[in-house]
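One-letter residues, chain by chain:
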Amino acid sequence: MVFYEPGKTSHGLPRDPFKSCVTPRPIGWISTRSKDGIDNLAPYSQFNNLTFDPPYVMFSANWDLNANRKDSTVNAEATGEFCWNVATWDLREAVNQTAEWFDPNVDEFQRAGLEKEPAKLLKVPMVKASPIKFECKYYTTLHLPGNPPMGSADVVIGKVVVVHIDERVLTDGMIDLGKVQPIARCGYHQYTVVRAESIFEMIIPGDPKQLVGLEGNAAKSADLQANGHGVEPTK
Ligand SMILES: Cc1cc2nc3c(=O)[nH]c(=O)nc-3n(C[C@H](O)[C@H](O)[C@H](O)COP(=O)(O)O)c2cc1C
């Protein structure tokens, strides 16, 4: 059994295993616009949704080689906006290209040859070819102190105000992940992809009301409240 205390004792393995432990991680392909109007795009696998009613998402940006905050963090805070674009198998090379360290005045859509799509409510553009996108209003940043240069991280949280789903990835009104083929980060330089044959279903036994939260069904959650469940949110 490998056992180690991060930062205190050695794992003894040829490569750091940490990022291969929590896998696969969805990719937050985050678009932002700087306060000077330069569009920015970068992938973040320390990314996830946090809740569904209303929906919130987060991405966690480590500091860079010079212990500076990443452009995505700086822009989201400066403008109060960011978008999430699903990273797919078809777009994998562009996802990788937009991770390169560029100067803040480089438009990474242009560098990766990606067409922009205007957002409905925000000024930040989205990746036109990405079939699922969220427009997010910046909510807060949680700073996690770490070891320089890259250990510190900014966890940026946004409230999802618009959801875009390309009808081409729907089957019978449901998102068909076999059509989306989202890619996800594993450890080292490894990735995985969701394909139709890797999807399976399980239903929690017991009270079906529990499934409302599992599904993230905001309409059914509202029905539950109308039927006397829960209290008004306090803030
Ligand atoms: C698939 C993938 C996932 C990544 N995930 C993260 C991450 O979670 N946090 C992070 O700080 N950098 C991550 N990176 C590196 C950033 O994308 C990279 O530092 C990028 O240049 C940041 O751009 P920005 O300064 O324009 O925000 C990832 C790179 C790739 C290819």
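Just so we're clear, the structure is a prediction, and the values are computed from it rather than from any experiment. (Residues numbered from 1 in each chain as written. Predicted model: local features only at pLDDT ≥ 70, side-chain atom pairs only at ≥ 80, totals over all residues. Heavy atoms only, no water.)

1. What to know about the nonpolar core
Put simply, the rule reads: Put simply, a nonpolar core is a bunch of buried Ala, Val, Leu, Ile, Met, Phe, Trp, Tyr and Cys residues held in one set by side-chain atoms that sit within 4.5 Å of each other. Each residue is placed in one exposure class: buried if its accessible area under a 1.4 Å probe, protein chains only, is under 20% of its type's maximum, exposed if it is over 50%, and partly exposed if it falls in between.
Counting residues in each nonpolar core, the largest one holds 18 residues, and the members touching the most others are Ile-30, Val-57, Phe-59, Phe-82, Trp-84, Ile-132 and Phe-134. Formed by 13 residues, the second largest nonpolar core is a distinct cluster that contains Ile-27, Ala-94, Leu-114 and Ile-183.

2. Some points on the UniProt feature "domain: Flavin reductase like" (unreviewed entry) in the protein
Heads up, the rule is: UniProt positions are given in the numbering used here, feature names are shortened, and annotations may be inferred rather than shown by experiment. Helix numbers and strand numbers start at the N terminus; a helix is a DSSP run of H or I with at least 4 residues, a strand a run of E with at least 2.
Mapped onto the present numbering, the UniProt feature "domain: Flavin reductase like" (unreviewed entry) falls at residues 20-172. Taken end to end, residues 20-172 has its terminal C-alpha atoms 35 Å apart, with 12% of it in helix and 42% in strand.

3. A short note on the environment of Lys-209
Relative to the helices and strands, Lys-209 is located in the loop between strand 14 (191-193) and helix 5 (210-215). On the basis of relative accessible area, Lys-209 is assigned to the partly exposed category, the value being 39%. Taking the C-alpha atoms as reference points, Lys-209 and Ser-221, separated by twelve residues in sequence, lie 8.8 Å from one another.

4. What about the site of the ligand?
The condition that has to hold: The cutoff for a nearby residue is simple: one of its non-hydrogen atoms must lie within 4 Å of the molecule or strand. N or O atoms within 3.5 Å of each other form a polar contact, as long as, within protein, one can give a hydrogen and the other can take it, and as long as residues adjacent in sequence are counted only when both atoms are side-chain atoms.
Close to the ligand lie 20 residues; Pro-43, Tyr-44, Asn-62, Lys-70 and Ser-72 are nearest. For the ligand, an oxygen atom lies 2.9 Å from a polar atom in the backbone of Asp-71. Within the contact set of the ligand, an oxygen atom lies 3.0 Å away from a side-chain nitrogen or oxygen of Trp-101. Those elements that place two or more of their residues in the shell around the ligand are strand 3 (39-44), strand 5 (55-62) and helix 1 (71-79). Broken down by element, the residue count for the shell around the ligand peaks at four residues, all from strand 3.

5. A look at the sheet that holds strand 1 (residues 25-26)
Note the following rule: Whether two strands pair depends on DSSP finding at least two bridges between them.
Across the sheet, which stays open at both edges, the three strands sit in the order 1-13-14 with antiparallel pairing between neighbours. Since the sheet does not close on itself, it has two edges, and those belong to strand 1 and strand 14, each with one partner. Where strand 13 (residues 183-185) and strand 14 come together, three bridges link them in antiparallel fashion. Considered in strand 14, the bridge of Ala-184 is made with Thr-192.

6. Considerations on the domain arrangement of the protein
The extent of an interface is frequently quoted as the accessible surface area lost upon association of the parts. The line we're drawing: Where each domain starts and ends follows an automatic or database-derived domain assignment.
Per the domain assignment, the segments of the protein are domain 1 (18-200) and domain 2 (201-235). Averaged C-alpha coordinates put domain 1 and domain 2 at centres separated by 28 Å.

7. With respect to the packing of aromatic side chains
Condition: For this analysis, a ring pair means two rings from Phe, Tyr or Trp (six-membered ring only for Trp) whose centres lie within 6.5 Å, classed as stacked if their planes differ by under 30 degrees, edge-to-face if by over 60, and tilted for the remaining angles.
On inspection of all chains with the given rule, the structure shows five aromatic pairs. On the numbers, 5.0 Å between centres and 40 degrees between planes, the contact of Tyr-44 with Phe-59 is tilted. Of the two residues, Tyr-44 sits in strand 3 while Phe-59 sits in strand 5, which places them 15 residues apart along the sequence. The same class applies to Tyr-44 and to Phe-59, which are both buried. Seen from their ring centres, Phe-59 and Phe-82 are 5.3 Å apart, and the 85 degrees between their planes marks the pair as edge-to-face. In this pair, Phe-59 is assigned in strand 5 and Phe-82 in strand 6 (residues 81-85), connecting sequence segments 23 residues apart. Like Phe-59, the residue Phe-82 is buried in the burial classification.

8. Examining the side chain of Ser-31
Here Ser-31 lies in strand 2 (residues 28-33). A polar contact of 2.8 Å, which involves the side chain of Ser-31, links it to the backbone oxygen of Pro-125.

9. Considering the pattern of salt bridges
Spelled out, the test is: What makes a salt bridge here is a side-chain nitrogen of Lys or Arg within 4 Å of a carboxyl oxygen of Asp or Glu, nothing more.
One pass over the full model with this rule turns up ten salt bridges. A salt bridge links Lys-128 to Glu-115; its shortest N-O distance comes to 4.0 Å. Of the two residues, Lys-128 sits in the loop between strand 8 (126-127) and strand 9 (132-144) while Glu-115 sits in the loop between helix 3 (108-111) and strand 7 (116-117), which places them 13 residues apart along the sequence. For Lys-128, a relative accessible area of 44% translates into the label partly exposed. The shortest N-O distance in the salt bridge between Arg-168 and Asp-166 comes to 2.7 Å. Looking at Arg-168, the relative accessible area reads 67%, which means it is exposed. Classification of Asp-166 by relative accessible area gives partly exposed; the value is 24%. One continuous salt-bridge network, built from bridges that share partners, spans Arg-33, Asp-39, Asp-107 and Lys-116.

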